[in-house]
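Inside the fold
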Amino acid sequence: RDWSSDVCSSDLAQLHDTYIVSQTRNGVMLIDQHAAHERLVYEKLKRDQEKKTLARQMLLIPVIVELDALAADRLLSHQKLLEEMGVTIETFGPGAISVTEVPASLAEGDIEGAIRDLIDSFEEWGTGATLDARLDHVLKTFACHHSVRAGRRLRAEEMDALLREMEATPNSGQCNHGRPTYVELKLADLERLFGRS
């Protein structure tokens, strides 16, 4: 979708610290800020991973994730897969792991939450998932835990930057879970709702 001539940067608002509202030439758009940002982060990680340009960042203070022994072993059995995705983990005593390196763009995200979600996924996979499917799932999990959350107030320039990035990103109309990232109401739809047509 080409929004460049349609979305008005000066006419942005935020509802319930979750949805961005933008006036367009022909109506209004509502954007789910978390779903949209999650897709953008995922697409960037995917591009960087495919090009082998995924920048990594050593964590100044490693993230320690306390687990039971079985979960820690399950996670450590996927150490090589995580390493390919820029995530370095090490044993940190019985039932705990230390995350020492992550993709640079995710360093400020919820690393512990992402690791816990991955453990649950690894348990579900068994041996059936292909390597590509596993890599893709790791990317999606980290994208989700790094994205702007619902409930976070955004400045006007942050909202505008999100919309501009959506313009430039393929598949930005759908989040990683298959839900829409935005809905659009034409002026005619609004007029019908208010009995003006």
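Described below are features of the structure shown in this document. Remember, it's a predicted structure, so these values are computed and weren't measured experimentally.

1. Regarding the sheet that holds strand β4 (residues 56-66)
With antiparallel pairing, 3 strands are arranged side by side in an open sheet as β4-β6-β5. Sheet topology places β4 and β5 (88-91) at the edges, where each strand pairs with a single neighbour. Within the sheet, the average angular offset between the axes of one strand and its neighbour, ignoring direction, is 20°. The sheet contact formed by β4 and strand β6 (residues 96-103) spans 7 bridges and is antiparallel.

2. What about helix α6 (residues 156-168)?
If you check α6, its first and last C-alpha atoms are 19 Å apart, about what 13 residues at 1.5 Å a residue would give, namely 18 Å. Of all the positions in α6, only M159, L162, L163 and M166 are classed as buried. Take α6 and look down its axis: the buried residues cluster within an arc of 95°, on one side only.

3. Considerations on empty space enclosed by the protein
Tallying each qualifying case throughout the model produces 1 cavity of 30 Å³ or more. When its volume is computed, the largest cavity comes out at roughly 40 Å³. Residue composition of the lining of the largest cavity, by class: 8 nonpolar, no polar and no charged.

4. So, the nonpolar core
In terms of nonpolar packing, the biggest core is built from 33 residues, with L75, I97, V99 and I115 touching the most fellow members. Among the elements of the structure, α1 (33-50), β4, α2 (69-76), α3 (79-84), β6, α4 (111-125) and α5 (131-146) are those that each provide at least two residues to this core. Ranked by residue count, the leading element in this core is α4, at 6 residues. The next biggest cluster of nonpolar side chains, apart from the first, holds 13 residues, and it includes I20, M29, I31 and L163.

So, how was this worked out
Residues numbered from 1 in each chain as written. Predicted model: local features only at pLDDT ≥ 70, side-chain atom pairs only at ≥ 80, totals over all residues. Heavy atoms only, no water. Pairing = 2+ DSSP bridges. Helix = DSSP H or I, 4+ residues; strand = E, 2+ residues; numbered from the N terminus. Axes fitted to C-alpha atoms, helices over the stretch in contact; angles between N-to-C directions. Expected span 1.5 Å × (residues − 1). Buried < 20%, exposed > 50% of the residue type's maximum accessible area, 1.4 Å probe, protein only. Arc of directions from axis to C-beta. 1 Å grid on protein atoms, 1.4 Å probe; cavity = no way out; pocket = protein on both sides within 12 Å on 5 of 7 lines; lining within 4 Å. Points joined across faces, edges and corners; volume = space filled by probe spheres on them. Nonpolar A, V, L, I, M, F, W, Y, C, P; charged D, E, K, R; others polar. Core = buried A, V, L, I, M, F, W, Y, C linked by side-chain atoms within 4.5 Å.

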